[in-house]
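# Structural features, examined
Chain by chain, the residues run as shown.
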Amino acid sequence: MAPRKGKKPVWVVEKERTRRSGGPETVWLFGLHAVRDALMNPARERLRLVVTKNASDKLAEAIAKSGMEPEIQDPRKFNVPIDVQSVHQGAALEVKPLDWGNLSEQCAPRGERSVVLVLDRVTDPHNVGAILRSAEVFGARAVVATLRNSAPETGALAKTASGALERQPYLRVQNLVKAMKTLSDMGYRLIALDGTAEIDLQNTLDVEPNAPTALVLGAEGPGLRESTKETCDVIAKIPFQREFGSLNVSNAAAVSLYALSQTKG
């Protein structure tokens, strides 16, 4: 009789589950701002810190607070698994991806004007990083994207976010339409941004200025999927002054968030 196979260790099971889900097991963050904020974030599980002597001096307070023992490396032989073109500033930190919990917990309205950004097929980490930064500035409850066909948590995204990744919930869901319906059930008004729409965004915002609002944006090129548009309450555009004009998705997000912040209830 063949010998009975032993039970897999928990860490092996978790690693295999992560691989099947398509999510990264660990992420390398780089750059002084991204690394400093991750070191200061008590919710961040940190594994390995590699710094130059110069970067170590600049990050001394954050390193001390984190309790980590940094590995000091020569700047000419900075040996970490990141793109050689990355502007790491002599600091790199291996971490586990953040777990922000579920949509209902993060986005439930709590009396104040609640704002959520929903991203449909926005795969560029620099755009998502910039959106997270704007979302933090304007007090959004969360940025929502899909597990597939969206930018995962990466060093490039974190560096562009300039620390916002540690504070601004970035929720990645299995099904975007289902998540949007959950937001709708919680009282959110779903506004899709599309340059071909007939209604101006400001006119749309003025209709229900105090309602919880989800701004739904798609990537340049493919834009929003039809199923995403059909789930929204209204489709609006950011008006442009000349015959032609368009904004990339991160700029459109910032403009829309500002417009919403200026709407008087």
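What counts and what doesn't
Residues numbered from 1 in each chain as written. Predicted model: local features only at pLDDT ≥ 70, side-chain atom pairs only at ≥ 80, totals over all residues. Heavy atoms only, no water. Helix = DSSP H or I, 4+ residues; strand = E, 2+ residues; numbered from the N terminus. Buried < 20%, exposed > 50% of the residue type's maximum accessible area, 1.4 Å probe, protein only. Contact = heavy atoms within 4.5 Å. Areas by Shrake-Rupley, 256 points an atom, 1.4 Å probe, with all protein chains shown as cover. Patch = residues over 30% accessible without salt bridge, like charges linked within 9 Å, V, L, I, M, F, W, Y side chains within 5 Å. Salt bridge = Lys/Arg side-chain N within 4 Å of Asp/Glu carboxyl O. Pairing = 2+ DSSP bridges.

This next bit is on the overall build of the protein chain. Assigned secondary structure in the protein chain consists of eleven helices and eleven strands. Here the protein chain, with 265 residues, has 46% of them falling under the buried criterion. Partitioning the intrachain contacts of the protein chain with sequence separation of at least 6 by distance along the chain shows that 78% fall at a separation of at least 24. Accessible surface, the protein chain as shown: approximately 14500 Å² in total, 49% of it carbon and sulfur.

Right, let's talk about a nonpolar patch on the surface for a bit. On the surface, a cluster of nonpolar side chains totalling about 310 Å² of accessible area is made up of Val137, Phe138 and Tyr258. With a relative accessible area of 63%, Val137 lands in the exposed category.

Applying the stated criterion to the full structure yields twelve salt bridges. Glu71 is the salt-bridge partner of Arg48, the closest N and O atoms lying 2.9 Å from each other. You can see Arg48 sitting in strand E2 (residues 46-51) and its partner Glu71 sitting in strand E3 (residues 71-72), a full 23 residues away along the chain. Residue class for Arg48 comes out partly exposed when judged on its relative accessible area of 27%. Overall, Glu71 belongs to the partly exposed group, its relative accessible area being 31%. Through salt bridges with shared partners, one network takes in Asp37, Glu136 and Arg167.

Burial analysis of strand E6 (residues 142-146) places five of its five residues in the buried class, the great majority of the element. Burial along E6 is two-sided: the face carrying Ala142, Val144 and Thr146 and the face carrying Val143 and Ala145 are both buried. The pairing of strand E5 (residues 115-120) with E6 spans three bridges and is classified as parallel. In the sheet register, Val116 faces E6, and the bridge partner there is Ala142.

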